[in-house]
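Structural overview for review
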Amino acid sequence: MSAGRRAAGVALATASGVAVAGQSRINGELGVRLDDGIAAAVVSFGLGLLVLLVLVPATPAGRRSLAVLRVALADGSLRPWQCLGGVCGAFVVAAQGLTIGSLGVAVFTVAVVAGQSGSSLAIDRWGVGPTGRQPVTAARLAGAALTVLAVLLAVGDRLGDPRTLGLALLPLLAGVGVAWQQAVNGRVRVAVGSALTATGVNFAVGTVALLVAFAVDVAVRGRPGGALPGEPWLYLGGPIGIVFIAIAAAIVRFTGVLLLGLATIAGQVVGAVLLDVLLPTAASHPGPATLLGAVLTLVAVLVAALAPVRGSAR
């Protein structure tokens, strides 16, 4: 595997992680405005799907990849369960809308990291992603452990609040889903030859899952209490998600799930800290420990990157 491709993949994943921190703030604010986190997730995912329904069929490559997708599902080279990454993505976006208004971006990020880091090791070991099975080496294990330690340091002053711990359970589970989502979306991308089409599958499945959840939410709690806001920036969560999912699907075969996840986490932590410093909310108050945690996260990614990526395609 080319070291240059791997390094470029890490850089892209880190940059996309910064964008995800922005998406988290946007979807969290939209959830507050609508007074319904699931409704905010439907709006975010639905807008992303509308963009992809235009983009994918608009190019010859997109149309070819859709035909390849149908053939791959028919002949069994791509299994239906490998197309369900969007369910995990839907859960992540719903968790953003439901919890960030109370937790802040930084605390949300630590919970996602805790779930994502450990599950990424397991998913690489099981060979779920397109790189095949990868061993749990000392450097990879140390990188995952350092990442969790770094984010705990960054937001440790908030974790003594029982309400915070309870709310953090949702993004913790969402982090487990993120690792699975990146792995199976990477398999779809390899099967169809298009990161954009793999992203379209992700958004289509996720939107259906969110519409079902929203129907149940309305039946139980009634319609959302808030109105759609007028600020255009509150509707950018979906387009940001398209960029993130497409990048992850394209580069996971070069990085593996763990390194992709750690690089993304580094970007998320840096982005979360910048947002909470430059655009603070009532739920965010970063201090020196938060900044130190962000630096340690970057060190963790470098440690994990030292481990050679050895995969065995199945």
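Every value quoted in this text rests on a predicted model; they were computed, and no experiment measured them.

Some remarks on the side chain of Gln182
Structurally, Gln182 is set in helix H7 (residues 162-192). On the basis of relative accessibility, which here comes to 2%, the residue Gln182 falls in the buried class. When sequence neighbours within four positions are dropped, the list of residues in contact with Gln182 reads Gln116, Phe244, Ala248, Val252, Val257, Leu260, Gly261 and Thr264.

Points about the packing of helix H1 (residues 3-34) against helix H4 (residues 85-103)
In the contact formed by H1 and H4, the axes pass within 7 Å of each other and the chain directions differ by 70 degrees. Considering their axes alone, H1 and H4 lie roughly perpendicular with respect to each other. The two elements H1 and H4 meet at a crossing, and its hand is right-handed. Within the contact between the two elements, H1 uses Val20, Gln23, Ser24, Arg25, Asn27, Gly28, Gly31 and Val32 and H4 uses Val93, Gln96, Gly97, Ile100 and Gly101. A class-by-class count of the residues in the contact of H1 with H4 yields four nonpolar, eight polar and one charged.

A closer look at the pattern of salt bridges
The tally for this structure, following the rule as stated, stands at four salt bridges. Between Glu231 and Arg33 there is a salt bridge, and its shortest N-O distance comes to 3.1 Å. Of this pair, Glu231 sits in the loop between helix H8 (195-221) and helix H9 (237-278) while Arg33 sits in helix H1, and the two are 198 residues apart along the sequence. Its relative accessible area of 29% is what places Glu231 among the partly exposed residues. Put simply, Arg221 and Asp36 hold a salt bridge, and the shortest N to O gap is 3.3 Å. In this pair, Arg221 is assigned in helix H8 and Asp36 in the loop between H1 and helix H2 (37-55), connecting sequence segments 185 residues apart. Residue classification places Arg221 among the exposed positions, given a relative accessible area of 55%. Each of Glu29, Arg33 and Glu231 takes part in one network of salt bridges that share partners.

Focus on the confidence of the model for the chain
Looking at the chain, the pLDDT average stands at 81 and 82% of residues meet or exceed 70. For the chain, per-element mean pLDDT is lowest for helix H10 (residues 288-305), which scores 70, and highest for helix H3 (residues 60-75), which scores 93.

A look at the nonpolar core
Residues Ala41, Phe45, Leu52, Phe203 and Leu210 are the most contacted members of the largest nonpolar core, which totals 15 residues. A per-element tally of this core places H2 first, with five residues. Leave out the neighbours within four places in its chain, and Leu52 touches Pro57, Leu196, Thr199, Gly200, Phe203 and Ile242. Core analysis: the next-biggest nonpolar cluster, separate from the first, contains 13 residues, Val10, Ile251, Leu259 and Ala263 among them.

The rules behind each value
Residues numbered from 1 in each chain as written. Predicted model: local features only at pLDDT ≥ 70, side-chain atom pairs only at ≥ 80, totals over all residues. Heavy atoms only, no water. Helix = DSSP H or I, 4+ residues; strand = E, 2+ residues; numbered from the N terminus. Buried < 20%, exposed > 50% of the residue type's maximum accessible area, 1.4 Å probe, protein only. Contact = heavy atoms within 4.5 Å. Axes fitted to C-alpha atoms, helices over the stretch in contact; angles between N-to-C directions. Parallel < 35°, antiparallel > 145°, perpendicular 65-115°, else oblique. Left-handed = near helix turned anticlockwise from the far one by under 90°. Nonpolar A, V, L, I, M, F, W, Y, C, P; charged D, E, K, R; others polar. Salt bridge = Lys/Arg side-chain N within 4 Å of Asp/Glu carboxyl O. pLDDT = per-residue confidence, 0-100. Core = buried A, V, L, I, M, F, W, Y, C linked by side-chain atoms within 4.5 Å.

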